[in-house]
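# Observations on the model geometry
Each chain, written out:
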Amino acid sequence: MTRRTRAPASASEGASTTGPAVKRRSPRATAAAAEKTEAAGAAAPQAETKPGDGFAEIWKSFSAFSGLQIPMNALAALQSDYLKQATELWNASLHGSVAEAPQALKDRRFANPAWSSNPASAFMAQLYLLNAKTLQQLAEKVEGEDKTKARIRFAVQQFVDAASPSNFLALNPEAQALALQSKGESIAKGMQQLWDDLQRGHVSQTDESAFEVGRNVATTAGDIVFENDFFQLIEYKPLTEQVHERPFLLVPPCINKYYILDLQPDNSLIRYAVSQGHRTFVLSWRNPDDHCKTWTWDDYVESAVIQAIAVVQDIGGAKQIDTLGFCVGGTLLATGLGVLAARGQHPAASMTLLTTLIDFSSNGILDIFVDEASVHQRETTLGLQSPKGPGLLKGQELATTFSFLRPNDLVWNYVVANYLKGEAPPPFDLLYWNGDSTNLPGPMYCWYLRHTYLQNELKQPGKLTVCGEKLDLSKIKAPVFIYGSREDHIVPWEAAYRSTQVFTSERTFVMGASGHIAGVINPASKNKRSHWVAGNAKLPAAPEQWLAAAEERAGSWWPVWAEWLASHAGALKPAPKAPGNRKYKAIEPAPGRYVQQKA
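Residues numbered from 1 in each chain as written. Predicted model: local features only at pLDDT ≥ 70, side-chain atom pairs only at ≥ 80, totals over all residues. Heavy atoms only, no water.

## A look at the packing of aromatic side chains
Under the convention used in this document: Note on aromatic pairs: the rings of Phe, Tyr and Trp (six-membered ring only in Trp) are paired at centre separations within 6.5 Å, and the planes decide the class, stacked below 30 degrees, edge-to-face beyond 60, tilted for the rest. Numbering of helices and strands runs from the N terminus; a helix is a DSSP stretch of H or I covering at least four residues, while a strand is a stretch of E covering at least two. Burial classification: accessible surface area is computed with a 1.4 Å probe over protein chains only, and a residue below 20% of its type maximum counts as buried, one above 50% as exposed, and the rest as partly exposed.
As enumerated under the stated definition, the model contains 29 aromatic pairs in all. An angle of 45° between the planes, with centres 5.0 Å apart, marks the rings of Y272 and W558 as tilted. Placement of Y272 in helix 9 (residues 269-275) and of W558 in helix 19 (residues 558-566) is noted, with a sequence separation of 286 residues between them. One exposure class covers both Y272 and W558, and it is buried.

## Here we look at the nonpolar core
For clarity, the threshold we go by: Buried residues of nine kinds, namely Ala, Val, Leu, Ile, Met, Phe, Trp, Tyr and Cys, make up a nonpolar core once their side-chain atoms join them within 4.5 Å. Whether two residues touch is decided by their heavy atoms; if any such pair falls within 4.5 Å, the residues are in contact.
Ranked by internal contacts, the top residues of the largest apolar core, which has 129 residues, are L233, Y259 and W561. For this core, the element with the highest residue contribution is helix 10 (residues 297-316), accounting for 11 residues. Contacts of W561, omitting those with residues within four sequence positions, involve F248, L269, Y272, L324, T352 and F481. One finds I70, A74, Y128 and A132 within the second-largest nonpolar core, a separate group that totals 17 residues.

## Remarks on the side chain of H568
Inspection of the secondary structure assignment puts H568 in the loop between helix 19 and strand 16 (572-574). The exposure class assigned to H568 is buried, which follows from its relative accessible area of 12%.

## What about the sheet that holds strand 4 (residues 248-251)?
Whether parallel or antiparallel, the strands of a sheet pair through hydrogen bonds between backbone atoms. Definition in use: Pairing between two strands requires that DSSP report at least two bridges joining them.
Read across the sheet, 11 strands follow the order 15-14-13-12-7-6-4-5-2-1-17 without closing on themselves; strand pairing throughout is mixed. Lying at the two open borders of the sheet, with one neighbouring strand each, are strand 15 (551-554) and strand 17 (588-589). Here strand 7 (residues 348-354) runs beside strand 12 (residues 480-485); their pairing, made up of four bridges, is parallel. Paired with L354 across the strands is Y483, a residue of strand 12.

## Focus: the environment of I270
Structurally, I270 can be placed in helix 9. Owing to a relative accessible area of 0%, I270 belongs among the buried residues under this scheme. Counting along the chain gives 12 residues from I270 to Y258, while the straight-line C-alpha distance between them is 9.9 Å. Among residues more than four places away in sequence, those in contact with I270 are T220, Y236, L250, Y258, L261, D262 and V282.

## What to know about the confidence of the model for the protein
To be explicit about the condition: As a per-residue measure, pLDDT reflects the predictor's confidence and takes values from 0 up to 100.
Chain-level statistics for the protein give a pLDDT mean of 88 and a share of 87% at 70 or above. Low pLDDT, under 50, characterises residues 2-49; the predicted model gives this stretch 142 contacts beyond four residues in sequence or across chains.

## As for a nonpolar patch on the surface
Our working definition: Candidates for patches are residues over 30% relative accessible area with no salt bridge; among them, like charges are joined within 9 Å and nonpolar side chains (Val, Leu, Ile, Met, Phe, Trp, Tyr) within 5 Å. Note on areas: Shrake-Rupley, 1.4 Å probe, and residue coverage restricted to the protein chains presented here. For salt bridges, the criterion is a side-chain nitrogen of Lys or Arg within 4 Å of an Asp or Glu carboxyl oxygen.
Residues L169, I187 and M191 make up a contiguous nonpolar surface patch of about 230 Å² in total accessible area. Looking at where L169 falls in the secondary structure, it is placed in the loop between helix 6 (146-162) and helix 7 (173-181).

## Some thoughts on the pairing of strand 4
Formally: For the handedness criterion, the strands are oriented away from the viewer, and a crossover whose path from the first strand over the helix to the second runs clockwise is classed as right-handed.
Of the two faces of strand 4, the one holding F248 and L250 and the one holding L249 and V251 are both buried throughout. In the sheet, strand 4 pairs with strand 6 (residues 321-326) via four bridges, with the strands oriented parallel. Bridge pairing in strand 6 links F248 to D322. A crossover links strand 4 with its parallel partner strand 5 (residues 280-285), the connecting element being helix 9, and its sense is right-handed.

## Quick word on the side chain of N363
We apply this condition: In protein, a polar contact means a hydrogen-donor-capable atom and an acceptor-capable atom, both N or O and within 3.5 Å, with residues adjacent in sequence counting only if both atoms are side-chain atoms; elsewhere, any N or O pair within 3.5 Å suffices.
You can see N363 is positioned in the loop between strand 7 and helix 12 (372-381). For N363, the side chain forms a polar contact with the main-chain oxygen of F360, separated by 2.8 Å. Those residues in contact with N363, other than ones at most four positions away along the chain, are L357, Y453, I490, P492, A495 and R498.

Structure below.
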């Protein structure tokens, strides 16, 4: 599933997009304010506290999480190591050299000089980091089933991140110094921003007033040439005098909105495709409301993906078209082409899958949320089995879940800056998109959870019946370009690679640097990051074998893909002078009404 990205949208991942970096502004506290803070409440740790007491408290906290067993030898080793490091830290604090302790304050949460210049704050930060590391080590040593252990590690990490002293005004010397310097104005602004976010229902990650869909994001010129209850179809205005004879259809994820592919002109994959001479169409999903809560996975495949393919074929006057799916959009696209293959139809001249899951056997952190009990609970509250009838999975619930996959980057970073320091978040296009939530119909979402993440049936020939057809993705004849991002935490690159073992047609795999979103949105013009290709090497079952034979190249993967796509796009012909055709006429300018709908 795609989510911001992630997603991410951390400072490092956002570097490829236009706009300020996610990294927060430099602290404004002065040395004088730091001295006042130190005088106000900075005292050395009290002598009656013993270094060994900390491990007992850590064990008590950890036991509340797990209730599972840790081997005694491992526990004893951890306790010994903890006592050693705690004693060193204690001795350093007594000699006033805690800031120069072996584990210096390298964590970015404590990078401001206010932390190291205040002995109490420096000790507190160092002790927190030691305790956090010890809790994480305890979680690694738990004996139990793999998924249970993963859940414990996740829960411990959530606890550790939430408990950071930087998250609390009473413990954060940087925020305190800023409050003194601004005479309380920073606190007043923080409280106002907290109130505003309570009204919005989420923590603000960017200045949402700085962007408007169609004005300064999603601005590539085009027209809506078809619409039904499920989607609007955008046809983009050509940027070249000639276009390839085969039109090009992009299926974005229905989790989030399509314009992640069209944020700004210089980082728009859509505009890039248009500039490469492709007659480009994009499916813009409707944001489901109560009238849509009965929609199923079959509805999304038949009434959206397959319908869009037919319309693009008609408008382009082509028996075959090029196709692309991003994340769950790729899963839907492959399903749709599999249904058509079962019907003896092969409309795709090529299929590009970007950070897409087809084989769901191992999917990283998202696996910890999916088991029989959790899926059944969803089915009986949102799905067709619900006694009250189907419902909607609200977009904000999805957004919150994905944010807490990376809580320091996507939650606590903004809590500290927005509320403790009173700093308004800067405008950033990717994070604006990240906050533009979408709902999902319960039946569609429940089918997706059960038959992919839980039971991994999509890759199994003949296992699933979709739109009345037995599904066998190996029957898709189109050549496939598969892309995975090396640091992707939503679709790990190894999971994306496993698609190479499902399809039997010509396959190409390319891996890019960075994460789920920034790895994909890496414009060729900026020449950032790197990518890996393996030439004509075979595609072994083990992704590590592929990587061992791959070559790392500097810059974006886009040109590699553009060359591949052009080889399947057919001859050039004069670009159309108007959108659509006699049957499908322009309805309204892009980006259209559907993308404007709020969750």
